[in-house]
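What follows is each chain in one-letter form.
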Amino acid sequence: MSLLENYDALLLDLDGTVWEGGRAIPSAVDVINSCGLGAMYITNNASRAPELVAEKLQGIGLNASPQQVLTSAQAAVTLAADKLKTGAKVLVVGADSFRELARAAGFEVVTSAEDNPAAVLQGFDPSVDWAMLTEAALAIRNGAQFIASNLDTSLPTERGLAVGNGSLVAAVTSATGVRPISAGKPECAMFLQAAELIGSKRPLAVGDRLDTDIAGGNAAAMDTFHVLTGVSGAMDLIEAPQGLRPDYIGANMSDLSLSSEQLRPGAQGGFTARIDGYDLLLERGDEGATPIQALRTVLEVVWAMPEPPRYIHPRSDVAEQATKAWQ
């Protein structure tokens with residue numbers, strides 16, 4: 001039985017899961033279109049309005065509406081609305097669409113610390129520069145609350161990992177000594193809100209990043225599926241603490257067609273794993289066994305250890321080839 005038969009909706013990350021720099025990741029579109037489940041797209045990228053995100057999703061072949069998109073900018077504005085009075089002044093560091101969301105929520109958007117904003121809302125946008133970060137720092141030093149859309153330090157692109165909002169937020173924190181409240185993943189609010197918007201009682205959270213997608217889904221008490229198409233790779237999984245461990249691991253979205261037993265950590269592909277002191281030995285392996293099968297075999301043992309192993313030693317040709325593919 002396919003894993004998908006256990007759920008009524010998919011809560012999907014975008015960067016590194018559905019697309020990479022706007023280019024569809026192989027198999028993702030076909031799986032989403034054919035799975036028969038409703039989808040909500042949850043993204044920590046605050047640089048695009050929901051309408052534009054939906055348009056881009058349509059451009060890669062997905063039948064997505066703006067109502068199926070939840071961005072960290074939307075989450076930040078919702079958080080600000082809970083903390084500030086209607087009509088309060090806010091300084092938005094980020095995209096124009098972020099400012100429009102703030103205006104639509106009833107805030108007065110300002111551009112200078114001299115306007116004495118009640119809060120600074122910071123989200124990723126390629127246009128963010130020294131001048132914007134400086135206005136944010138000055139406003140925060142003058143007492144403005146600091147709310148970040150998300151704290152992802154990097155952003156997957158077709159060229160590799162680019163600077164993310166968390167890295168830009170860190171500059172403001174360094175200048176002010178003030179850490180922001182974060183609205184986006186891994187906070188569970190985005191996941192709970194997304195499930196409510198789509199009317200899901202049993203969603204599956206899908207993502208490529210352990211410290212946001214998986215941590216957030218786990219915090220929301222949802223089952224989580226990790227794909228190895230983005231930021232967090234095999235070694236990240238091996239070293240992951242309890243709260244960042246997914247229920248299921250797939251090479252990509254097409255593995256959603258497998259059963260829950262195949263996708264959970266456990267011995268498979270003819271591999272065996274055992275502890276040898278501080279190390280772990282990966283042995284055997286059927287001809288044609290895959291690196292992801294070796295990884296799931298290892299994870300069952302590693303996650304039962306009090307600390308990650310010092311080394312993982314492949315003890316067969318098949319095991320050696322599998323571990324080389326993890327790099």
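All of these numbers come straight from a predicted model, not from anything done at the bench.

Peer 1: Give a description of empty space enclosed by the protein that names residues and reports values.
Peer 2: Tallied over the full model, the rule gives three cavities of 30 Å³ or more. Along the walls of the largest cavity sit 19 residues, with D15, N44, D152, S154 and L155 positioned nearest its centre. When residues of the lining of the largest cavity are traced back to their parent elements, those giving at least two are β10 (154-157) and α8 (210-219). Counting residues per element, the lining of the largest cavity draws most heavily on β10, which supplies three residues. Here the lining of the largest cavity is built from residues that sort into four nonpolar, eight polar and seven charged. No fewer than three residues from each of domain 1 (3-44 + 186-261) and domain 2 (84-182) sit in the lining of the largest cavity. The computed volume of the second largest cavity comes to approximately 40 Å³. Around the second largest cavity, the lining residues are L14, D15, W19, T43, N45, R48 and V53.

Peer 1: Please set out the sheet that holds strand β4 (residues 38-43) residue by residue, giving values where relevant.
Peer 2: Taken together, six strands build an open sheet; the order of strands is β5-β4-β1-β13-β14-β15 and the sheet is parallel. Since the sheet does not close on itself, it has two edges, and those belong to β5 (69-71) and β15 (248-250), each with one partner. For this sheet, the mean angle separating the axes of adjacent strands, direction not counted, is 20°. In this structure, β4 lies alongside β5, joined through three bridges in parallel fashion. Counted as the bridge partner of I42 is L70 from β5. Its contacts with the sheet put α8 on β13 (203-207) and β14 (223-227), and the angle it makes with β14 is roughly 160°.

Peer 1: Go over the sheet that holds strand β8 (residues 119-122) with me, naming the residues and quoting the values.
Peer 2: In space, the five strands of this open sheet follow the order β7-β6-β8-β9-β12, with parallel pairing throughout. The sheet terminates laterally at β7 (108-110) and β12 (181-182), the two strands that pair on one side only. Judged from the four bridges that link them, strand β6 (residues 89-93) and β8 form a sheet pairing that is parallel. Bridging across to β8, V93 finds its partner in Q122. Sheet contacts for helix α4 (residues 96-104): β6, β7 and β8; angle to β6, the most-contacted strand, approximately 160°. Relative to the sheet, helix α6 (residues 165-176) contacts β8 and β9 (145-148), its axis offset from that of β9 by approximately 165°.

Peer 1: Tell me about the pattern of salt bridges, residues and numbers included.
Peer 2: Across all of its chains, the model carries 11 salt bridges by this definition. Across the pair R103 and E100 runs a salt bridge whose closest N-O atoms are separated by 2.8 Å. Note that R103 and E100 are positioned in helix α4 at a spacing of three residues, about one turn of the helix. Residue classification places E100 among the partly exposed residues on the basis of a relative accessible area of 47%. For the salt bridge of R310 with D279, the shortest nitrogen-to-oxygen distance reads 3.1 Å. Of the two residues, R310 is situated in the loop between α11 (291-302) and β18 (312-314) and D279 in strand β17 (residues 279-284); the sequence distance between them amounts to 31 residues. Residue R310 is classed as exposed on the basis of its relative accessible area of 54%. One continuous salt-bridge network, built from bridges that share partners, spans D13, K185 and D213.

Peer 1: Tell me about the nonpolar core, residues and numbers included.
Peer 2: Nonpolar side chains in soluble globular proteins generally cluster together in the buried interior. Grouped together as the largest cluster of nonpolar side chains are 31 residues, with contacts concentrated most on L12, V18, Y41, L57, L204, F225 and M253. Considering each element in turn, this core owes the most residues, four residues, to helix α1 (residues 28-34). Sequence-distant contacts of V18, that is, excluding residues within four places in its chain, are made with L12, D13, R23, A24, I25, A28, I32, Y41, L57, I60 and L62.

Peer 1: Run through the layout of surface pockets, naming residues and quoting values.
Peer 2: Its boundaries defined by the atoms lining it, the largest pocket holds a volume of some 230 Å³. When contributions to the lining of the largest pocket are tallied by element, the ones reaching two or more residues are α9 (234-238) and α11. Element by element, the count of residues in the lining of the largest pocket is highest for α11, at three residues. Split by residue class, the lining of the largest pocket holds nine nonpolar, five polar and no charged.

Peer 1: Can you tell me about the packing of helix α3 (residues 72-83) against α4, naming the residues and giving the values?
Peer 2: At a minimum axis separation of 10 Å, α3 and α4 run at an interaxial angle of 35°. Relative to α4, α3 is oriented so that their crossing is right-handed. Residue-level contacts link A73, Q74, A76 and V77 of α3 to F98, L101 and A102 of α4. When the residues that make up the contact of α3 with α4 are grouped by side-chain class, the tally is six nonpolar, one polar and no charged.

Parameters at a glance
Residues numbered from 1 in each chain as written. Predicted model: local features only at pLDDT ≥ 70, side-chain atom pairs only at ≥ 80, totals over all residues. Heavy atoms only, no water. 1 Å grid on protein atoms, 1.4 Å probe; cavity = no way out; pocket = protein on both sides within 12 Å on 5 of 7 lines; lining within 4 Å. Points joined across faces, edges and corners; volume = space filled by probe spheres on them. Helix = DSSP H or I, 4+ residues; strand = E, 2+ residues; numbered from the N terminus. Nonpolar A, V, L, I, M, F, W, Y, C, P; charged D, E, K, R; others polar. Domains from an automatic or database assignment. Pairing = 2+ DSSP bridges. Axes fitted to C-alpha atoms, helices over the stretch in contact; angles between N-to-C directions. Contact = heavy atoms within 4.5 Å. Salt bridge = Lys/Arg side-chain N within 4 Å of Asp/Glu carboxyl O. Buried < 20%, exposed > 50% of the residue type's maximum accessible area, 1.4 Å probe, protein only. Core = buried A, V, L, I, M, F, W, Y, C linked by side-chain atoms within 4.5 Å. Left-handed = near helix turned anticlockwise from the far one by under 90°.

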